[in-house]
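Chain by chain, the residues:
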Amino acid sequence: MKKATHQQTKQHNRDLVLRTIFSQDPVSRAEIARITHLTRTTVSDVVTSLLSEGLVKEIGLGASIGGKSPILLSVEANSRFLIGLNLAQDKFIGAIVNLRGEIKETVEVEVHDDNGEKALQLVYQILDQLIRKKFKPIVGIGVGAPGLINTLSGVIVSAVNLEWENLPLGNLLQKKYKLPVLVLNDSQATAIGEYVYGNGHKPDENLIVVNVKHGIGAGILINGRLFQGDGGGAGEIGHVVVQENGAVCRCGKLGCLETISSARAVMQQLEMDSLDAVQSAFEAGNSTAKNIIARAGHYLGISLAGLIGTLNIQKIVLTGDMTRFGAPWLESVNASMQNAALTRMSEGTRLDLGALDFRACILGASAFLLLDGYSLLFTEEN
Ligand SMILES: [Zn+2]
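Here the structure is a predicted model, which is why all the values come from computation and not from measurement. (Residues numbered from 1 in each chain as written. Predicted model: local features only at pLDDT ≥ 70, side-chain atom pairs only at ≥ 80, totals over all residues. Heavy atoms only, no water.)

Caption draft 1: Focus on the sheet that holds strand β13 (residues 216-222). Sheet architecture is open: 5 strands sit in the order β14-β13-β12-β15-β16, paired in mixed fashion. The open sheet has two free edges, formed respectively by β14 (225-227) and β16 (350-353), since each of these has just one partner strand. Strand-to-strand, the axes of this sheet are offset by a mean angle of 30°, without reference to chain direction. As paired elements, strand β15 (residues 315-319) and β16 share 4 bridges and run parallel to each other. Residue pairing in the sheet places V317 in a bridge with D352 of β16. Each of β12 (207-212), β13, β14 and β15 touches helix α6 (residues 186-197); the most contacted strand, β13, lies at about 50° to it. Running over the sheet, helix α11 (residues 326-340) touches β12, β15 and β16 and is turned about 160° from β16. (Pairing = 2+ DSSP bridges. Helix = DSSP H or I, 4+ residues; strand = E, 2+ residues; numbered from the N terminus. Axes fitted to C-alpha atoms, helices over the stretch in contact; angles between N-to-C directions. Contact = heavy atoms within 4.5 Å.)

In structure tokens form, the structure reads like this:
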């Protein structure tokens, strides 16, 4: 292995300091040195440069631990912006997000039956609009897209309902907008969003976030890191067959979980064309609606039992359209999950509803960009 160049060392130190300020905010220089094991002089030099770029600010004095009180450093939330896209809804949604995950501006376009090149044009349309907004500078684009995705190469391997096959979305956007781009499966992005910005998740914990909408997918975090598996598809539980010779799925197989437990499946079985209509029937006590939703929850619970048996992760968050059916749906999921998994493992598992709805995907895509690549925030002179 080659020795790190001076430039690489400098970059590494800077990453480390910035990451520490993000996670410990507010924090003193001495504390950063203690956490990162860098010398105080190095920390002080990096901080000086971060201050001069306006990425970080001094926010007053912290408590003294003997000697004079330390100056506390905090991230300047609006010094840089990111774009997050959610391409997994029935409309495409894009947003400008600051360094603290606050959404500043949102743009939506209806997707209708657009797919292939037409759907790609809609992505450009959203980005063109967002880039013209007053929030500057934008330092990267994070995309949460449906389907099987190779995050390292930025390629959408297969997104069935958009008819995208081997689409190099990352490269296309990078060339067009001259910005770093990260492409992530939408359920994985949602998991990151809930983890970073949702309710009370601890650093380095294990977490499964299951996103149940027209499709179904899970994002798996192990020790606080997204686990994508060997092919990027870890958590793609929606296309695992749960009913042999069941209904035809849009992936071509018969009886995938999606054909029973997704929002789309529930609408189809009830022959209703909106989820609002389903909800009205459900709330009015329509017994067919209640049965179909209970069955949707039941099969989802069996799939979750599979995840519990494989991963033994005790914290599962459910998010997406189907959560609108609330406690009764959640109870169906929980009952069949408890029933299908080893009791000693499932009884320690907690099911919760997510905190962020569709925004989780947008925030997750942008946060992933930040967490994995603070180097995005580097300015040219570095
Ligand atoms: Zn399928």
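Let's pick the thread back up.
Caption draft 2: Examining the pattern of salt bridges more closely. Following the criterion strictly, the structure yields 15 salt bridges and no others. Put simply, R80 and E53 hold a salt bridge, and the shortest N to O gap is 4.0 Å. Of this pair, R80 sits in the loop between β3 (71-75) and β4 (81-86) while E53 sits in the loop between α3 (40-52) and β2 (56-61); the two residues are 27 residues apart in sequence, bridging distant segments of the chain. A salt bridge links E347 to R344; the nearest nitrogen and oxygen atoms lie 3.2 Å apart. The exposed category is assigned to R344, whose relative accessible area is 69%. One salt-bridge network, in which partners are shared between bridges, spans R14, E53 and R80. (Salt bridge = Lys/Arg side-chain N within 4 Å of Asp/Glu carboxyl O. Buried < 20%, exposed > 50% of the residue type's maximum accessible area, 1.4 Å probe, protein only.)

Caption draft 3: Structural context of the coordination of the zinc ion. Surrounding the zinc ion are the protein donor atoms H239 (ND1), C249 (SG), C251 (SG) and C256 (SG), at 2.1 to 2.3 Å. Seen from the zinc ion, its 4 donor atoms lie at angles of 102 to 124°, and the figure they make is tetrahedral. Coordination of the zinc ion draws on donor residues from a single chain, spaced H-x9-C-x1-C-x4-C in sequence. Placement of H239 in the loop between β14 and α7 (258-261) and of C256 in the loop between β14 and α7 is noted, with a sequence separation of 17 residues between them. Residue class for C256 comes out buried when judged on its relative accessible area of 0%. (Donors = N, O, S within 2.8 Å, 3.2 Å for Na, K, Ca; no water. Tetrahedral: all angles 85-135°; square planar, octahedral: opposite > 155°, others 65-115°.)

Caption draft 4: Layout of unusual backbone geometry. Of note, the amide linkage connecting D25 to P26 takes the cis form, showing an omega dihedral of -5°. Turning to its location among the elements, P26 is positioned in the loop between α1 (6-24) and β1 (27-28). Phi at N223 takes a positive value of approximately 50°, unusual for a residue other than glycine. With respect to the helices and strands, N223 occurs in the loop between β13 and β14.

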